[in-house]
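For reference, the chains in residue letters:
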Amino acid sequence: MGAVRLGKIALRWCTTCNIPIIELEKCGTCGGQTEPMKITPPGDFRPAFDFDIGQIRSTVDCQFGDGCGEILLPKDKVVVLNKCPGVDRMDEVIVDGQVVGTHVFEPGKGQRFVIRTEGALFIEPHVTRSWLEVHEGAIPSMRKGASAMAVGVMEADENIKVGDEVIVFDSQRNVIATGRARMSGSDMLELERGPAIKTRWHSDPKGTARFPGGQTWDDAVQANLPKLEADVARAVRKINTTVERIGKELAVSYSGGKDSLATLLLVLEAGIKPKVIFMDTGIEFPETLANISETVEKHGLELLVEDAGNAFFDAAEHFGPPAKDFRWCCKTCKLGPTSRLIKKHFPDGVLSFIGQRQYESENRYQKGGIWVNPWVPGQIGMSPIQKWPALEVWLYIFSKGEEYNPLYEKGFERIGCWLCPSADMAEHAEIEKYEPKARDWIKFLSQYAEKHDLPPEWVDMGLWRWKHLPKGIRDFLEIQQRQDIIDKLDAFATRERDAPEIDESGAERISQLSKITGGEETEEIKRKALFCVGCGICVSRCPEDALSLSEGRVMLDEERCVSCGKCLHPCPVVDYGLR
């Protein structure tokens, strides 16, 4: 997938202190000149926790030989991960101021490490697997990026399989290049024609430096302190200015994730003691619920909770599973409850501080630091960390000594609902360890796939997370020679939803709600009547208080309704049911 630019690349490195630096040209510890890092946009880099490092080491050991992982990522150095656009999770791995490779999770296959020459040079003497030696005559062209041909292969690991990541040496065991095998190791030795590997990276003959270790994330906080202090002061000023300008009651929307935690801490630094609002979607991790309770109690804050109950699973029966491009779940389980909570506790509206950042998505990049969400009447949102990369959020939390959600140290890059379609399959592979209900969700997906004649890969490879397959996924499936899956999913995506059967009670509800459109029984009214999930968004939007919720469904007071139609849109069952 192509690079996505959502802001400037802010990562630099102090080679003297061997510490990642955010934007500063001078290290905050030694005062030395820092070097800019060439990483893949959008550049939302973050710390690697012990779990992440352990996974990467294990992958490297499996591919290149026992012990290579710890040599590549020593115990006494800080490691940074840079999230890249990809089919699933793809993180550039940075240590000693070098991108040493990319840790990739491929749906249906698992993890692999795409090693760069910088990383290969670090483990050079210890490689026992996935290596080959080329004739000296092939070296000049390979140093320019040419592929290795079978005729030029002198020695090779016979266990290399097609598609493996490999390291190319010369006869003196010097790294020449790294790439992906185009034939097996035995074929490389037997055949005299054809490409042996497709070169990905070719080395600089000058080699790669290793710097002294002993660094910790506390050292990184100190080295970045000038940047942190300036940005915290700027955020506090912006918070106070916005509070004065908007003039509404204040709250922090807290999700149990790092971004909302940093936002809460900044609001507290601004001298504000806000109310904390939390939407319990009904599909939250137990660790998240515990973190919310502990954080609110620690800071002596009032917690306001709105519970979505079983709204997700009720709506899934109608909509099918949510998807990255079909996120009805956020509307029914988060924004609907938010609108109910605001109407109940903030009748005159609320300024809500929300931890969102421009590096997370194109939509959030375009939104800016202050916005109004059409799905949540009465709420003005403001993010004081809009332009912060993930590492800055973490360094700020580290500097405050704040307890954060323990799931971050268990392989989760983001915290949200445990079955969120926006989560990587790399995370979904870990979810069953922490949420027993995940098995029920897999059972639901399997039954849904059987009902709609979808292939097993729709579940196994996480393809349920898209309503319409994006180009990157299509390309991935084509490389795997699975055009049959693409054709089936394309046919399913274009299939018309069967018209709902309308019984007597359904007809009565349609008739009652048709008052909204002046008596006209439109398709929107039919869907609102038959498939209401009780999210409450329309209740909050009605200026006449003509709507209420009863037994999980919207009810209309016909005497109050003036047929303005403001409650029809946005509405999840209308807006998503018609897609």
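Anything mentioned here points back to the structure above.
Presented here is a report on the structure given in the accompanying data block. As the structure is a prediction and not an experimental result, all values here were calculated from the model. (Residues numbered from 1 in each chain as written. Predicted model: local features only at pLDDT ≥ 70, side-chain atom pairs only at ≥ 80, totals over all residues. Heavy atoms only, no water.)

1. Topic: the sheet that holds strand β1 (residues 11-14)
Defined as follows: Pairing between strands is defined by DSSP: at least two bridges between the two strands are required. Secondary structure elements follow DSSP: runs of H or I no shorter than four residues count as helices, runs of E no shorter than two count as strands, and numbering proceeds from the N terminus.
The antiparallel open sheet is built from three strands, whose spatial order is β2-β1-β3. Since the sheet does not close on itself, it has two edges, and those belong to β2 (19-22) and β3 (35-36), each with one partner. Where β1 lies against β3, two bridges are found, and the strand directions are antiparallel. Bridging across to β3, arginine 12 finds its partner in proline 36.

2. Structural notes on the pattern of salt bridges
How we decide: Salt-bridge detection follows one rule: a side-chain nitrogen of Lys or Arg within 4 Å of a carboxyl oxygen of Asp or Glu. Only protein chains enter the area calculation, which uses a 1.4 Å probe; residues under 20% of their type maximum are buried, those over 50% are exposed, and those in between are partly exposed.
Counted under the stated rule, the structure contains 34 salt bridges. Across the salt bridge formed by arginine 89 and glutamate 427, the nearest N and O atoms sit 2.7 Å from each other. Remark: glutamate 427 occurs in helix α14 (residues 425-431) and arginine 89 occurs in the loop between β5 (80-83) and β6 (90-95); sequence separation between them is 338 residues. Side by side, arginine 89 and glutamate 427 carry an identical accessibility label, which is buried. For aspartate 259, the salt bridge identified is with arginine 357, shortest N-O distance 3.1 Å. One end of the pair, aspartate 259, is in helix α8 (residues 258-269); the other, arginine 357, is in the loop between β18 (350-354) and α12 (362-367), and 98 residues separate them in sequence. An identical accessibility class is assigned to aspartate 259 and arginine 357; each is buried. Here the salt bridges do not stand alone but share partners, grouping Glu106, Arg112, Glu165, Arg180 and Arg200 into one network.

3. A few points about the side chain of aspartate 164
Our working definition: Identification of polar contacts relies on pairs of N or O atoms within 3.5 Å, with a donor-acceptor requirement for protein atoms, meaning one able to donate a hydrogen and the other able to accept it, and with residues adjacent in sequence counted only if both atoms are side-chain atoms. By the convention used here, residues are in contact when the closest approach between their heavy atoms is within 4.5 Å.
Structurally, aspartate 164 is set in the loop between β11 (153-156) and β12 (165-169). Within the structure, the side chain of aspartate 164 is placed 2.9 Å from the backbone nitrogen of lysine 161, a separation counted as a polar contact. Leaving out residues up to four positions away in the same chain, aspartate 164 has contacts with Ser130, Asn159, Gly179, Arg180 and Ala181.

4. Focus on the side chain of glutamine 512
Checked against the element boundaries, glutamine 512 lands in helix α19 (residues 504-513). A polar side-chain atom of glutamine 512 sits 2.7 Å from the main-chain carbonyl oxygen of leucine 556. Filtering out sequence-adjacent residues up to four positions away, glutamine 512 remains in contact with Leu556 and Glu558.

5. Quick word on the packing of helix α7 (residues 225-246) against α8
Worth spelling out the cut-off: Under this scheme, a helix contributes an axis fitted over its contacting stretch, all axes are lines through C-alpha atoms, and angles between N-to-C directions fall in the 0 to 180 degree range. Working definition: roughly parallel below 35 degrees, roughly antiparallel above 145 degrees, roughly perpendicular at 65 to 115 degrees, and oblique for all remaining angles. Charged residues are taken to be Asp, Glu, Lys and Arg, nonpolar residues to be Ala, Val, Leu, Ile, Met, Phe, Trp, Tyr, Cys and Pro, and polar residues to be all remaining types, Gly included.
Look at α7 against α8: their axes get within 9 Å of each other, and the N-to-C directions meet at 70 degrees. In this view, α7 runs roughly perpendicular relative to α8, as classed from their interaxial angle. In this structure, α7 uses Val232, Ala235, Val236 and Ile239 to contact α8, whose residues at the interface are Leu266, Val267 and Glu269. Tallied by class, the residues present in the contact of α7 with α8 amount to six nonpolar, no polar and one charged.

6. Re the environment of glutamine 215
Inspection of the secondary structure assignment puts glutamine 215 in the loop between β14 (195-202) and α6 (217-223). On a C-alpha basis, the gap between glutamine 215 and isoleucine 19 in space is 7.3 Å, while along the polypeptide they are 196 residues apart. In this structure glutamine 215 touches Cys17, Asn18, Ile19, Asp76, Lys77 and Val78, once residues within four positions along its chain are discounted. At a separation of 3.4 Å, a polar atom in the side chain of glutamine 215 contacts the main-chain carbonyl oxygen of glycine 213.

7. Describing helix α20 (residues 523-531)
The complete set of buried residues in α20 reads Ile525, Arg527, Lys528, Ala529, Leu530 and Phe531. At its buried positions, α20 is contacted by α10 (311-319), α19, α21 (537-541), β22 (553-556) and α22 (572-575).

8. Some words on the sheet that holds β12
Ordered by their spatial adjacency, six strands build an open sheet running β10-β14-β13-β12-β9-β11, and the pairing between neighbours is mixed. Bordering the open sheet on either side are β10 (148-149) and β11, each of which pairs with just one other strand.

9. Regarding unusual backbone geometry
The step from proline 41 to proline 42 runs through a cis peptide bond, and the omega angle for that step is 10 degrees. Considering the arrangement of structural elements, one finds proline 42 in the loop between β3 and β4 (44-47). With omega at -5 degrees, the peptide bond leading from histidine 569 into proline 570 counts as cis. Locating proline 570 in the fold gives a position in the loop between β22 and α22. Despite not being glycine, glutamate 23 has its phi angle at roughly 70 degrees, a positive value. Among the structural elements, glutamate 23 can be located in the loop between β2 and β3. By relative accessible area, which is 32% here, glutamate 23 ends up partly exposed. Although it is not a glycine, serine 130 adopts a positive phi angle of roughly 55 degrees. Summarising the element assignment, serine 130 is placed in the loop between α3 (117-123) and β9 (131-134).

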